[in-house]
Amino acid sequence: MNTLTIPRELGFVIIAGLILRIAVLFATPMGEFAKYEQLVIAEHIVSGNGFYMAWPYMPSDPEKLALLTSDVPLYSSAFMPPFVPVAQSAVFAVFGVSTVGVYAMLVIQCLVGALIPWLVYRIALRLTTSRQALFASVCSVLFVPGLLSSATPSGAVWYSVAGLLVVDIAQRLNDSSRNKYLLGLVLGLLALMRSEFLAIGLVIASIPLFQRRWRQAITVAAVMLAVVSPWLARNAIAFGKPIGIISHPWREIWRGANERAIGSGYGADKEEIWEGKLFPQITKRLDSIPIDNEFELHADAVFKDEAMTYIKNNPAHWAGLGLKKMAMLWTIDPYYPRGLHPAYIAPTLITSALILCGLAFALVQGRPILHLAIILSCLTALFGVTYVLPRYQVYVLTIGMPLISCIPLPQLTVLQRRRVKQ
């Protein structure tokens, strides 16, 4: 398990997954590139404007609208985690800020996504038999929303692979002294992809403390913090105070805690829940904020006030909405415009059911799934507080796919026994 040796059957699965990802990429052309924050920031980086994007709202003030729609950076920005935009900017630097540059990145994402069945197999093989591990890896290829994740610059495929890699390394943390450095490195990179993994990563890093492996836990956490500290230092300098990975955590909470919130990033009318025409009072408050280096912090404070006011006035409804969002994360988002398409519903429900069944069997059988359980539990709680979209489901379900191998499918058990006899 410490080598890169790949069984022949798994090799076929990996190749099939790559072919399917490439096919999906060119069969489902992207829409407007400008709606992806990662691409906007990457273009600014390549243009020499630094890590920047204007706060994505439409001011009612014409002068402010003209400023925010210009290409001139107006203030310090930490609107997105840096990994994906910086990676995209590197691709733009080679291929140009163009459709070719975007598709070059998407092809790279297909190659990255091809690692998913391999990582699912590696993790699952430490939980059960090789045939059942292979079955889990096949399921990862048949998960259509996961294939689609390579075809957009949203970054879900990066989170999926990095999350699986964290579990893979954590499982064999005691096998080699270098693994604690590798785990810290990947946890740091994952935190630079998704801000919540700054906290989740520290929880993962602390697990060796239960085995009294103090040095191991300290090393993992120290390496992780060393990876993220340049970005944290940059943000603290830019904003004049420590802010973490991103500058708008409360905006994410507000999208799931307002009078239109129903659990999704969309409302019951299929309109996206954003500040702007749907919330003129928020637009007015954002218009009143001076454009300076603290603009994003002051803007996020508006959403904190709006969200906390809603929660205080509707505590029971908000709590019920949180439970609904957690249920939606593990079923479907019916409010998503394409959420009733069979290509979304069927693979999502089947994959989720298999993972949850596998989790139940793993708990009963006492399988070593602590790292998987922590990540999935933390993410479920997180989206119970924020909101659900299919692309968020993609990386949650993908990280959970090794659990599918814990289902004791009789036909796979028979095949394994026959193979042993041969």
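Residues numbered from 1 in each chain as written. Predicted model: local features only at pLDDT ≥ 70, side-chain atom pairs only at ≥ 80, totals over all residues. Heavy atoms only, no water.

Student: Would you mind showing me how to read a nonpolar patch on the surface here?
Tutor: Nonpolar side chains collect at one region of the surface, where V94, F95 and V100 lie side by side and expose about 310 Å² of accessible area between them. You can see V94 is positioned in helix α4 (residues 83–95). (Patch = residues over 30% accessible without salt bridge, like charges linked within 9 Å, V, L, I, M, F, W, Y side chains within 5 Å. Areas by Shrake-Rupley, 256 points an atom, 1.4 Å probe, with all protein chains shown as cover. Salt bridge = Lys/Arg side-chain N within 4 Å of Asp/Glu carboxyl O. Helix = DSSP H or I, 4+ residues; strand = E, 2+ residues; numbered from the N terminus.)

Student: What's the story with helix α12 (residues 214–239) in this structure? I'm lost.
Tutor: Its 26 residues give α12 an end-to-end C-alpha distance of 35 Å, which sits within 8% of 38 Å, the value for a rise of 1.5 Å per residue. The largest bend along α12 measures about 45 degrees and falls at V228, with the proline P230 one to four residues further on. Where α12 is concerned, the buried positions are Q216, A217, T219, V220, A221, V223, M224, V228, W231, N235, A238 and F239. For α12, the elements touching its buried residues are α10 (179–191), α11 (197–206) and α15 (295–313). At the C-terminal side of α12, G240 shows a positive phi close to 80 degrees. (Expected span 1.5 Å × (residues − 1). Bend = angle between axes of the 7 residues up to and from the residue. Buried < 20%, exposed > 50% of the residue type's maximum accessible area, 1.4 Å probe, protein only. Contact = heavy atoms within 4.5 Å.)

Student: Is there a simple way to think about the packing of aromatic side chains in this case?
Tutor: Two descriptors summarise a pair of aromatic rings, namely the distance from one centre to the other and the angle between the planes of the rings. All chains considered together, the criterion is met by 16 aromatic pairs. Centroid distance F51 to W231: 4.8 Å. Interplanar angle 65 degrees. Geometry classified as edge-to-face. Taken together, the residues F51 in the loop between α2 (37–46) and α3 (62–68) and W231 in helix α12 connect sequence positions 180 residues apart. Judged by its relative accessible area of 11%, W231 is buried. Within the aromatic cluster, the residues linked to one another by ring pairs are Y52, W55, Y75, F79, W254, F279, F295 and F303. The lysine or arginine in question, R255, covers the ring of W274, its NZ or CZ lying 3.6 Å from the ring centre. Cation over ring: R255 sits above Y387, and NZ or CZ is 4.4 Å from the ring centre. (Phe/Tyr/Trp six-rings, centres within 6.5 Å; stacked < 30°, edge-to-face > 60°. Lys NZ or Arg CZ within 6 Å of the ring centre and 35° of its normal.)

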